[in-house]
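Secondary and tertiary structure notes
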Amino acid sequence: MCKLYKSSFIGIVLLNLILLSSSADAVDCNKESPYFIDGEKYYDLSLNKKLTNNDEKELSAYFNKLSGKWVGDLIHTECKGSQKSLKEITKKAKVTSNIRNIGNGVLKVSYDANYLESRISTLHKIETLGSKSIFVLNFVSADNLSFTEKYRRRNATGGSILVENIYDIQVQNDVLEIYLTAYHNGYFAWNDALKLNAK
């Protein structure tokens, strides 16, 4: 099992749970990633660890529990504007979701979000990147998985940004919670908090 920063990771997970479970509350648009404390090492993707065969088996078994159709609620929070005048925007939606375990540590999550205020429906698709981009992986319990992936994404205008996605997933008694927080170049960009029930 690849576990970087083992001594501090549990504290970070607990902090994420507190912050993400209260996604409707105000967020700090200039918030740094909890891993940004490592300075230049933060940008070194060679520190990503390849999943072992055992890791992939454990992930596949866990992802199998998530596979299927789900319905529930979404709270989406993002920051928009210039760096000096970022503004928090929060949207709530009803969602239907389809989740598939692709294998090799890859999970596909699609969810159709019907935003309550704007009445606009948007289909979101998330696919974890498997062994290529895992930075931290931790099975907190049989029902709770947390992991972080980092990779570079090209901009349409040229250049690239470093994307970090922190996932915290909990499933129990046909109730699934997925918290995904994205950081761009080490700073908060957006998060999705999904609370779903098996359909």
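A quick note: this is a predicted structure, and the numbers were derived from the prediction, not measured.

Overview of the overall build of the protein
When helices and strands are counted, the protein shows two helices and nine strands. Listing every helix and strand of the protein by position from the N terminus yields α-α-β-β-β-β-β-β-β-β-β. If you take every contact in the protein between residues at least 6 apart in sequence, the share linking residues at least 24 apart comes to 51%. Carbon and sulfur atoms form 50% of the exposed surface of the protein, whose accessible area is close to 10700 Å².

Considerations on the environment of Asp55
Summarising the element assignment, Asp55 is placed in helix α2 (residues 53-66). Classification of Asp55 as buried rests on a relative accessible area of 0%. For the pair Asp55 and Gly105, spaced 50 residues apart in the sequence, the C-alpha separation amounts to 8.0 Å.

Focus: the nonpolar core
Leu66 and Leu176 are the most contacted members of the largest nonpolar core, which totals 29 residues. Top element by residues in this core is strand β3 (residues 106-115). It accounts for five residues. When near neighbours in sequence (up to four residues on either side) are disregarded, Leu176 contacts Leu66, Trp70, Ile99, Ile169, Gln170, Val171, Leu194, Lys195 and Leu196. Counting eleven residues, the second-largest nonpolar core is a separate cluster that includes Phe36, Val136, Leu162 and Phe188.

A word on the state of the cysteines
Evaluation of the coordinates by the stated rule reveals one disulfide. Disulfide pairing is shown between Cys29 and Cys79; the S-S distance is 2.1 Å. On the sign convention where negative is left-handed, the bridge of Cys29 and Cys79, at about -85 degrees about the S-S bond, is left-handed. Taken together, the positions of Cys29 in the loop between α1 (6-21) and α2 and Cys79 in strand β1 (residues 68-80) put the pair 50 residues apart, joining distant regions of the chain. Note on accessibility: Cys29 and Cys79 belong to one class, buried.

A closer look at the pattern of salt bridges
Taken as a whole and judged by the stated rule, the model has four salt bridges. One salt bridge in this structure joins Asp73 and Lys94, with 2.7 Å as the shortest N-O distance. Here Lys94 lies in strand β2 (residues 87-103) and Asp73 lies in strand β1, a separation of 21 residues in the sequence.

Comments concerning the side chain of Ser133
Within the element layout of this structure, Ser133 appears in the loop between β4 (121-127) and β5 (134-139). For Ser133, the contacting residues outside a window of four places in its chain are Asn48, Thr148, Glu149, Lys150 and Tyr151.

Section: unusual backbone geometry
Outside of glycine, negative phi angles account for most residues, and trans bonds account for most peptide bonds. You will see that Asn104, though not glycine, has its phi angle at about 55 degrees, which is positive. Position of Asn104 relative to the elements: it lies in the loop between β2 and β3. Owing to a relative accessible area of 57%, Asn104 belongs among the exposed residues under this scheme. For Asp174, which is not a glycine, the phi torsion comes out positive at approximately 65 degrees. Mapped onto the elements of the fold, Asp174 is located in the loop between β7 (160-172) and β8 (175-184). Overall, Asp174 belongs to the exposed group, its relative accessible area being 54%.

Considering empty space enclosed by the protein
This model, assessed by the stated rule, comprises three cavities of 30 Å³ or more. Put simply, the largest cavity is a space of about 50 Å³. Within the residue set of the lining of the largest cavity, elements represented by two or more residues are β3 and β7. Looking at the lining of the largest cavity, the element that brings in the most residues is β3, giving three residues. For the second largest cavity, the calculated volume is near 40 Å³. Leu59, Phe63, Gly105, Ile134 and Phe147 are, among the ten residues lining the second largest cavity, the residues nearest its centre. For the lining of the second largest cavity, a count of residues per class yields six nonpolar, three polar and one charged.

Rules used in this analysis
Residues numbered from 1 in each chain as written. Predicted model: local features only at pLDDT ≥ 70, side-chain atom pairs only at ≥ 80, totals over all residues. Heavy atoms only, no water. Helix = DSSP H or I, 4+ residues; strand = E, 2+ residues; numbered from the N terminus. Contact = heavy atoms within 4.5 Å. Areas by Shrake-Rupley, 256 points an atom, 1.4 Å probe, with all protein chains shown as cover. Buried < 20%, exposed > 50% of the residue type's maximum accessible area, 1.4 Å probe, protein only. Core = buried A, V, L, I, M, F, W, Y, C linked by side-chain atoms within 4.5 Å. Disulfide = S-S within 2.5 Å. Salt bridge = Lys/Arg side-chain N within 4 Å of Asp/Glu carboxyl O. 1 Å grid on protein atoms, 1.4 Å probe; cavity = no way out; pocket = protein on both sides within 12 Å on 5 of 7 lines; lining within 4 Å. Points joined across faces, edges and corners; volume = space filled by probe spheres on them. Nonpolar A, V, L, I, M, F, W, Y, C, P; charged D, E, K, R; others polar.

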